[in-house]
Amino acid sequence: MSRDHLAQLREAAPVILPSLLLCDFANLEREVERLLAAGVKALHLDVMDGIFVPNMTYGMPIVAAFRKLTDLPLDVHLMIEKPQQYIRQFHEAGADVITIHAEAVDDVASTLREIHSLGCGAGVAINPDTPVDVIFDALPEADLALMMSVNAGFGGQSFNPVALDKIREVRRINSDVLIEIDGGVNLDTIGRCTEAGADLLVVGSAIFGKPDYITAVRDLNSAAVAAS
Ligand SMILES: O=C(CO)[C@H](O)[C@H](O)COP(=O)(O)O
Ligand SMILES: [Co+2]
């Protein structure tokens, strides 16, 4: 992602990013149109390999399909083992931000540098059971820190508030990094996320489980802004 894109998201925070895990994959074009009509500013794409997490989704071809359908920034959340092996291919597929899990690599900082070297924004994610200090040393290399509020792997899980304290900790030691939260974010939980300092709010079932995306995004946005 260009520095401009990142600056725009920072400027617009709090920003809701729909997670397309639960979208209608038989009609991606229509799904993107409906999200654009709802005014979303970026898309969150969940890549799962069935090894790092006990679920599989999709890889580069679907990222490339979204790239063809929209100019919106694509925030690609890699829930895969050995993400270093695939970073270039996700970049070539059209990812703007590539987020890797700290639990999946030996050296977080060098993986983030590799992502940057391709011209992408670089993010680091941690699961609820991973202590936040694991990523402290790597934060100067990160554009984005993703605090998971569910165990990575499935949409529709309940929100784990352990992510909220981690958001505060990350912000305490780094004033620049964009902070994202992902998992179980809905109308009941979104205010606590922005109150804690989250800039980017990933939302799956609380958008794709609703009949009307415009109303869902508007209500989530109002709740997020009110608490920020
Ligand atoms: O990374 C993810 C799961 O690992 C998804 O982004 C997340 O679960 C979104 O779905 P929901 O809002 O329904 O929890
Ligand atoms: Co995700």
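Predicted, not measured: the structure shown is a model, and the values here were computed from it.

(A) Seen up close, the site of ligand 1. In the vicinity of ligand 1 lie 20 residues, with Gly153, Gly156, Asp182, Gly204 and Ser205 positioned nearest. For ligand 1, an oxygen atom lies 3.3 Å from a polar atom in the backbone of phenylalanine 154. The contact in question runs from an oxygen atom of ligand 1 to an N or O atom on the backbone of glycine 184, over 2.9 Å. Alone, ligand 1 offers 370 Å² of accessible surface; in the complex the protein occludes 100% of this. Those elements that place two or more of their residues in the shell around ligand 1 are β2 (43-48), β3 (74-79) and β8 (200-203). Considering every element that reaches the shell around ligand 1, the biggest residue donor is β2, with 3 residues. Tallied by class, residues from the shell around ligand 1 come to 8 nonpolar, 10 polar and 2 charged.

(B) Representation of the UniProt feature "binding site: a divalent metal cation" (unreviewed entry) in the chain. Residues annotated by UniProt as "binding site: a divalent metal cation" (unreviewed entry) correspond here to His44, Asp46, His77 and Asp182. These annotated residues cover 139 residues of sequence, and their C-alpha atoms all fall within 10.6 Å of one another, placing them together at a single site. Set against the largest pocket, the annotated residues that line it come down to Asp46, His77 and Asp182. Looking at where histidine 44 falls in the secondary structure, it is placed in strand β2. Taking relative accessible area as the criterion, histidine 44 reaches 0% and is therefore assigned buried. Looking at histidine 44, its side chain comes within polar contact range of the side chain of aspartate 75, at 2.9 Å. Classification of aspartate 182 as buried rests on a relative accessible area of 8%. Residues contacting aspartate 182, with those up to four places away along its chain left out, are His44, Asp46, His77, Leu146, Met147, Met148, Ser149, Val150 and Val202.

(C) Quick look at the coordination of the cobalt ion (ligand 2). Donor atoms from the polypeptide that bind the cobalt ion (ligand 2) are His44 (NE2), Asp46 (OD), His77 (ND1) and Asp182 (OD), placed at 2.0 to 2.3 Å. Here the cobalt ion (ligand 2) binds 6 donor atoms, and the angle range of 70 to 170 degrees at the metal identifies the geometry as octahedral.

(D) Structural context of the pattern of salt bridges. Using the criterion set out here, one finds 8 salt bridges in the structure. With a shortest N-O distance of 3.7 Å, glutamate 33 and arginine 30 are connected by a salt bridge. Separated by 3 residues within a single helix, glutamate 33 and arginine 30 lie in helix α2 (residues 28-37), roughly one turn from each other.

(E) Representation of the nonpolar core in the model. By size, the foremost hydrophobic cluster in this structure holds 65 residues, and its most contacted members are Leu112, Ile135, Met147, Val170, Ile181 and Ile207. In this structure methionine 147 touches Ile126, Val132, Ile135, Ala163, Lys166, Ile167, Val170, Glu180, Ile181 and Asp182, once residues within four positions along its chain are discounted. Ranked by size, the runner-up nonpolar core spans 20 residues in total, among them Leu9, Leu21, Met79 and Leu144.

(F) Spotlight on helix α9 (residues 213-227). Given a rise of 1.5 Å per residue, 15 residues ought to cover 21 Å, and the 21 Å separating the end C-alpha atoms of α9 matches this to within 8%. Along α9, the residues classified as buried are Tyr213, Ala216, Val217, Leu220 and Ala224. The buried side chains of α9 occupy one side of the element, clustering within an arc of 90 degrees when seen end-on. Elements that come into contact with the buried residues of α9 comprise β1 (15-18), α2, α7 (190-196), β8 and α8 (205-208). Of the residues flanking the start of α9, the one acting as N-cap is aspartate 212, its side-chain oxygen 3.0 Å from the backbone nitrogen of isoleucine 214.

About the criteria used
- Residues numbered from 1 in each chain as written.
- Chains lettered and ligands numbered in written order.
- Predicted model: local features only at pLDDT ≥ 70, side-chain atom pairs only at ≥ 80, totals over all residues.
- Heavy atoms only, no water.
- Near = heavy atom within 4 Å.
- Polar contact = N/O pair within 3.5 Å; in protein donor to acceptor, adjacent residues only side chain to side chain.
- Areas by Shrake-Rupley, 256 points an atom, 1.4 Å probe, with all protein chains shown as cover.
- Helix = DSSP H or I, 4+ residues; strand = E, 2+ residues; numbered from the N terminus.
- Nonpolar A, V, L, I, M, F, W, Y, C, P; charged D, E, K, R; others polar.
- UniProt positions renumbered as here; feature names shortened; annotations may be inferred.
- 1 Å grid on protein atoms, 1.4 Å probe; cavity = no way out; pocket = protein on both sides within 12 Å on 5 of 7 lines; lining within 4 Å.
- Buried < 20%, exposed > 50% of the residue type's maximum accessible area, 1.4 Å probe, protein only.
- Contact = heavy atoms within 4.5 Å.
- Donors = N, O, S within 2.8 Å, 3.2 Å for Na, K, Ca; no water.
- Tetrahedral: all angles 85-135°; square planar, octahedral: opposite > 155°, others 65-115°.
- Salt bridge = Lys/Arg side-chain N within 4 Å of Asp/Glu carboxyl O.
- Core = buried A, V, L, I, M, F, W, Y, C linked by side-chain atoms within 4.5 Å.
- Expected span 1.5 Å × (residues − 1).
- Arc of directions from axis to C-beta.

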